[in-house]
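In case you want the letters, here they are:
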Amino acid sequence: MTGHLLQDTTVVRPVPRPNAPRSLVCLGFCGGGTGSYRAWLPSLGEATDLALVCYPGREGRFAEEFAPDWDTLAEDTADAVARAAAAAPDRPYRLFGHSMGGWMAFDVTVRLAERGAPLPERLIVSSCNAPDRGVTERDRFPRLEDAEGRLLEWMRTIGLLPDYALDDPDLREMAIELMRADITVRDSYRPRPGVTTSVPVHVLYGEDDEVIEPAVAEQWARCATGGLRVDALPGGHFYTPPVWAALPDHFADADLQEGLR
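Reference entry: report on the structure contained in this document. (Residues numbered from 1 in each chain as written. Predicted model: local features only at pLDDT ≥ 70, side-chain atom pairs only at ≥ 80, totals over all residues. Heavy atoms only, no water.)

1. Some thoughts on the pairing of strand β4 (residues 93-98)
When you tally the buried positions in β4, you get 6 out of 6 residues, the bulk of the element. Across the two faces of β4 the burial is the same, with Tyr93, Leu95 and Gly97 and Arg94, Phe96 and His98 all buried. In the sheet, strand β2 (residues 22-27) pairs with β4 via 5 bridges, with the strands oriented parallel. Within the sheet, the bridge partner assigned to Leu27 lies in β4 and is Gly97. Relative to strand β5 (residues 122-126), β4 runs parallel, the two being bridged by 5 bridges. (Buried < 20%, exposed > 50% of the residue type's maximum accessible area, 1.4 Å probe, protein only. Helix = DSSP H or I, 4+ residues; strand = E, 2+ residues; numbered from the N terminus. Pairing = 2+ DSSP bridges.)

2. Thoughts on the packing of helix α4 (residues 70-86) against helix α5 (residues 100-115)
Packing of α4 against α5 brings their axes to within 9 Å, and their N-to-C directions diverge by 65°. Relative to α5, the element α4 lies roughly perpendicular. Between α4 and α5 the crossing geometry is right-handed. Contacts between α4 and α5 pair Trp70, Asp71, Leu73, Ala74, Glu75, Thr77, Ala78, Asp79, Val81 and Ala82 from the former with Met100, Trp103, Met104, Asp107, Val108, Arg111, Leu112 and Arg115 from the latter. (Axes fitted to C-alpha atoms, helices over the stretch in contact; angles between N-to-C directions. Parallel < 35°, antiparallel > 145°, perpendicular 65-115°, else oblique. Left-handed = near helix turned anticlockwise from the far one by under 90°. Contact = heavy atoms within 4.5 Å.)

3. Regarding the sheet that holds β4
Spatially, the 7 strands line up as an open sheet ordered β1-β3-β2-β4-β5-β6-β7, and their pairing is mixed. Each edge of the open sheet carries a strand with a single partner, namely β1 (11-12) and β7 (228-233). Here α4 sits on the sheet in contact with β1, β2, β3 (48-53) and β4, set at roughly 165° to β2. Sitting on the sheet, α5 is in contact with β2, β4 and β5, with an inclination near 140° to β4.

4. Overview of the pattern of salt bridges
Tallied over the full model, the rule gives 24 salt bridges. Between Arg13 and Asp49 there is a salt bridge, with the nearest N and O atoms lying 2.7 Å from each other. Here Arg13 is found in the loop between β1 and β2, whereas its partner Asp49 is found in strand β3, with 36 residues between them in sequence. Within the structure, one salt-bridge network assembled from shared partners comprises Asp71, Glu75, Asp79, Asp107, Arg111 and Arg115. (Salt bridge = Lys/Arg side-chain N within 4 Å of Asp/Glu carboxyl O.)

5. Topic: the environment of Leu112
Considering the arrangement of structural elements, one finds Leu112 in helix α5. Once the C-alpha coordinates of Leu112 and Ala78 are considered, the two residues, 34 residues apart in sequence, prove to be 6.6 Å apart.

6. Looking at the side chain of Gln219
On the secondary structure map, Gln219 appears in helix α9 (residues 216-221). If sequence neighbours within four positions are ignored, Gln219 has contacts with Ala130, Asp132, Arg133 and Glu213.

7. Comments concerning the packing of helix α6 (residues 148-157) against helix α8 (residues 169-187)
Where α6 contacts α8, the axes come no closer than 10 Å and their chain directions differ by 95°. It follows from the interaxial angle that α6 and α8 lie roughly perpendicular. Contacts between α6 and α8 involve Glu148, Leu151, Leu152, Trp154 and Met155 from the former and Arg172, Ala175, Ile176, Met179, Arg180 and Ile183 from the latter. For the contact of α6 with α8, a count of residues per class yields 8 nonpolar, no polar and 3 charged. (Nonpolar A, V, L, I, M, F, W, Y, C, P; charged D, E, K, R; others polar.)

8. Description of the packing of aromatic side chains
In total, this model carries 14 aromatic pairs according to the counting rule given. Taking the centre distance of 4.6 Å and the plane angle of 55° together, the rings of Trp70 and Tyr189 count as tilted. Of this pair, Trp70 sits in helix α4 while Tyr189 sits in the loop between α8 and β6 (201-206), placing them 119 residues apart in sequence. The same class applies to Trp70 as to Tyr189, namely buried. An aromatic cluster is built from Phe29, Tyr37, Trp40, Phe96, Phe238, Trp244 and Phe251, whose rings are joined through pairwise contacts. (Phe/Tyr/Trp six-rings, centres within 6.5 Å; stacked < 30°, edge-to-face > 60°.)

9. Some details on the pairing of β3
The buried fraction of β3 is high, at 6 of 6 residues. In β3, alternate side chains face the same way, and those of Thr48, Leu50 and Leu52 on one face and Asp49, Ala51 and Val53 on the other are all buried. One ladder, built from 2 bridges, connects β1 with β3; its direction is antiparallel. When the sheet's bridge partners are listed, Val11 is paired in β3 with Val53. Note that β2 and β3 share 5 bridges and pair parallel. Looking at the pairing, Val25 lines up with Ala51 of β3.

This is how it looks when you write it as structure tokens:
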């Protein structure tokens, strides 16, 4: 029974599609949960089973402590992704991460390879620089030292948190606590020198995103030995609202095959 509950709270399937030919496993961004990905179900259609990894300290795992550092969260997430893949061992899966989640997706893929666990057929990373750079000043967005008002403004205008959550004092306090915990984890990330992945990588970023390095394609090429595609999309760190709402359309089958090198 414990394993079943862990599966329910850690690997969330909003609409289980056990007969779908593939899975998309999504990892959260800094300060986020699974909610921002649930709206993708119409874009994915019946052919994709959507599995959302919930980090500790939020949603169904609210009673758990936040991960204290990157390595702890990465191990927890690798366990979750391995469990999601094991639920349908004959079905290929793709692993997606946005912002901090993009680095997490890369690190988890490396850790799964070291374990000898099933790897994703594609690694899709969104709005993040190459992980081998480590955390630079450009990547510290938002910052741990930011005042509460600044973090709230970031979550309201950029971070996709709905107004009803930010206007409720209790929910607002929880959102701030969650954001600061995730920033602490992000800032503790330390890349291992020379680590690469043989899984093909698809990089997406917003044309107006000031976090992204101009040389993002060249930098990711150092990390992706199994093929790379880099696409710029309209908007900033979360693109434009229409692009975000249908982001899976930008990594559909045909698009993934064309341009991988």
